[in-house]
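Understanding the architecture of this molecule
In case you want the letters, here they are:
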There are 2 protein chains.
Amino acid sequence: MAIRPAEQLIHKAAWLYYAHGLRQDQVASQLNISRASVAMYLRKARETGIVNISTSTQLFTDDVLARKLEDALSLDAVWIAPENDHIADPSTEIAVLAASVFLELVKKGDRIGVAWGRTVYMIADVMSYADLQDVTVVQLCGNLGAPYSYRPDQCTMEIARRLNAKGLNFYAPLVLSTEELARALRAEPVIREQLSGVSECDLALYSVGAVDADSHLVKCGALTPGEMADLRSQGAAGVIAGQIIDAEGKVLDCSYNRRVISAELASLRAIARRLVVVQEDSKFEPLLAAIAGGLCTHLVVGAHMAQRLLDHAAATTEKAS
Amino acid sequence: MAIRPAEQLIHKAAWLYYAHGLRQDQVASQLNISRASVAMYLRKARETGIVNISTSTQLFTDDVLARKLEDALSLDAVWIAPENDHIADPSTEIAVLAASVFLELVKKGDRIGVAWGRTVYMIADVMSYADLQDVTVVQLCGNLGAPYSYRPDQCTMEIARRLNAKGLNFYAPLVLSTEELARALRAEPVIREQLSGVSECDLALYSVGAVDADSHLVKCGALTPGEMADLRSQGAAGVIAGQIIDAEGKVLDCSYNRRVISAELASLRAIARRLVVVQEDSKFEPLLAAIAGGLCTHLVVGAHMAQRLLDHAAATTEKAS
DNA sequence: TGCCCAATTTGACTTTTGTCGAGAGCCGTG
DNA sequence: CACGGCTCTCGACAAAAGTCAAATTGGGCA
């Protein structure tokens, strides 16, 4: 496959069609090819991000509820996906919205930290292609060896691919069996560099995990259901980038956390824009914990969750006064 | 006209169509309106920048000629509009390309300085709409009272409108009749603030004017053809933001320049990205002057001009060695 | 050189989209 | 309260875009 001429043609076709507003048949005659080919080239152009179609997500911030939430929780921006409507699947809706929001937050030259989870992978999956050449996507936490399709490195690479950006992976297990080994591995130059580079990110994308038997930590074998229950009784409230946090959003003092290879929460907090996306209503407490810990500046949730958060905030304020 | 519900509908339609990939009839049934209305909403959405379609201008930098020029003239980036092709009008082609390049260079939160001229207005005219709320467009030089449709304030406002950004105009004549008056006016707080704010811009857009009887300075009555010829014999090589520069790109020491209200060249040079667009082949010397004076980091020209610049650079290097 | 395979291109067909004039709803005005 | 004038909306038609199987091209390999 001669890649150069093909690429050139796609570019030219896209240019004439989208920038000049010619019709497909006019493009075809300019380039001396058939209209069908033009249609195909244009599809490729859209798929590869040579052309970029994006919709403003302003609508979802304009929502009064979103504004209230921003005030109540001191967040920089909140987007609320409608759920009342007859839309097929609310969790998909949230992911689609999150993908748009994410693309709107990315700027040229940005360094983006990406964590791991079903939500993040779902966002990557519905994200449209863009052409941001000098963007770097870095992985925030170690890998889980499980055969799941949403491994941390895959999330990172998929998002990097969609953005036409550089992906920076690091290959270490998320959890090790002993604290000593984790310490030693963290001291490895390759790993240390990656982890210390996290705080230089301009944007982070992650979800928050629940502390229950459904958690990926359990499903992937990092923790047994029993251990999870133990952690819960010790005050575990949620999971961020593979680490267990308590209700205040601080790292829980436990053996598990000491065995994890992941970006420190302080590094995450050093990132100016931290986009948290939550799909499941059941992750209410974990999300509260993340917000309490200052791990979230930008939030995408469903209407349901938004209302619960607002009610909670109102109740807390009332109690305090 | 109830503006809220209409806007909401446009947003929703655009969202369902572009983000979710639904067909127009599906969108129509979701929103309980006719497909024809959906089509109309979508057009409005495109026109107002609620959706954004942009094509990568990478193709035009990939050009070997562009790369050579970047090296030869030490520019950050060069885009070359093809002229050999059977494309209708090369100057329109350059303007369309420049508009795309400009949009690609703008980042969120940017402050953009815009000067004045036929070229700049033409770029504004073909520029597609975008939704960049926290961008500010500032006017770089005073106004000419002439009835031309490309007055500095109009250039600024038009570009601001296209970007859905804030436009910052200042109302002073470009040229005054005495040097004292110009000095006094420059000292006015409103004007001083505007001019000193120029160096804080992140991006500038301007063209360069020729020193001849066709110049707008002559057409608008700021200078007589005779005065222009005089300036030329004194070493005037071009016009940038209403100011006359010599072949080295320095402000020419003349009464005219002292009577002008415009951003100082030093302020312009303080702007990180200075996009210069030249349409006419006749502006070769003015462009050389602008480049010599470091007033240009990003350049959009036609293939013809590009070749001339490269030949000139090669000749100069040869002579020097 | 000639053959084969894969990728690309094409023409014909279907589906989707854009557009236009007619009609309906709405508001301020006389 | 009836009357233009206005915009918004709809249905129907025309134009454009998407799709698919068949044909062609080109390049590697025996």
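Scope of this entry: the structure provided in the associated data block. The numbers attached to residues start from 1 for each chain and follow its sequence in the written order. Whichever chain is written first is A, and whichever ligand is written first is 1; the rest continue in order. With pLDDT at 70 or above as the cut-off, local features in this predicted model cover only qualifying residues; side-chain atom pairs require 80 or more to be listed or tallied, and sums for whole chains, interfaces and linings still use all residues. Computation of side-chain values covers all heavy atoms of the structure but excludes hydrogens and water.

We call two residues in contact whenever any of their non-hydrogen atoms come within 4.5 Å of each other. Listed per partner, the contact involves 36 residues of chain A and 36 residues of chain B. Around 3,100 Å² of area is buried between chain A and chain B when both sides are counted, 57% of it from carbon and sulfur atoms. Summed over the three residues of chain A that lose the most area to chain B, namely Trp15, Leu59 and Lys108 of chain A, the buried surface amounts to 22% of that side. Salt bridge, as used here: a side-chain nitrogen of Lys or Arg that lies within 4 Å of a carboxyl oxygen of Asp or Glu. Across the contact surface, chain A and chain B share zero salt bridges. Any pair of N or O atoms that falls within 3.5 Å is considered a polar contact. Within protein, one atom must be able to donate a hydrogen and the other to accept it, and sequence-neighbouring residues count only if both atoms are side-chain atoms. Our count for the chain A to chain B interface comes out at twelve residue pairs in polar contact (both at pLDDT 80 or more). Elements with a minimum of two residues in the side of chain A that touches chain B: helix H1 (3-19), strand E1 (51-55), helix H4 (58-62) and helix H6 (90-105) of chain A. Two parts lose some accessible area (1.4 Å probe) when they are put together, and adding that loss for both gives the buried area. Under the DSSP-based scheme used, a helix requires at least four consecutive residues in state H or I and a strand at least two consecutive residues in state E, with every element numbered from the N terminus.

Moving on: the pairing of strand E4 (residues 136-139) of chain B. Residues and elements named next belong to chain B. Residue exposure (1.4 Å probe, protein chains only): buried if accessible area is under 20% of the type maximum, exposed if over 50%, otherwise partly exposed. Taking every second residue as pointing to the same face, both faces of E4 are buried, with Thr136 and Val138 on one and Val137 and Gln139 on the other. The pairing criterion for strands is at least two bridges between them, as found by DSSP. Here strand E3 (residues 111-114) runs beside E4; their pairing, made up of four bridges, is parallel. By the bridge assignment, Arg111 is partnered in E4 with Thr136. The path from the first strand over the helix to the second decides the hand: if it runs clockwise while the strands point away from the viewer, the crossover is right-handed. The β-α-β motif built from E3, the intervening helix H7 (residues 118-126) and the parallel element E4 has right-handed crossover chirality.

A few words now on the protein's contact with DNA strand C. Inspection of the region around DNA strand C gives 15 residues, with Ser34 and Tyr41 of chain A together with Arg23, Gln24 and Arg35 of chain B positioned closest. Of everything in DNA strand C that lies within 4 Å of the protein, sugar and phosphate atoms constitute 65%. With respect to DNA strand C, the side chain of Ser37 of chain A contributes an N or O atom lying 3.0 Å from a phosphate oxygen. A distance of 3.0 Å is found between a phosphate oxygen of DNA strand C and a side-chain nitrogen or oxygen belonging to Tyr17 of chain B. Those elements giving two or more residues to the surface near DNA strand C turn out to be helix H3 (35-48) of chain A together with helix H3 (35-48) of chain B. Looking at the surface near DNA strand C, the element that brings in the most residues is H3 of chain B, giving five residues. Near is defined per residue: the residue qualifies when any heavy atom it owns lies within 4 Å of the molecule or strand.

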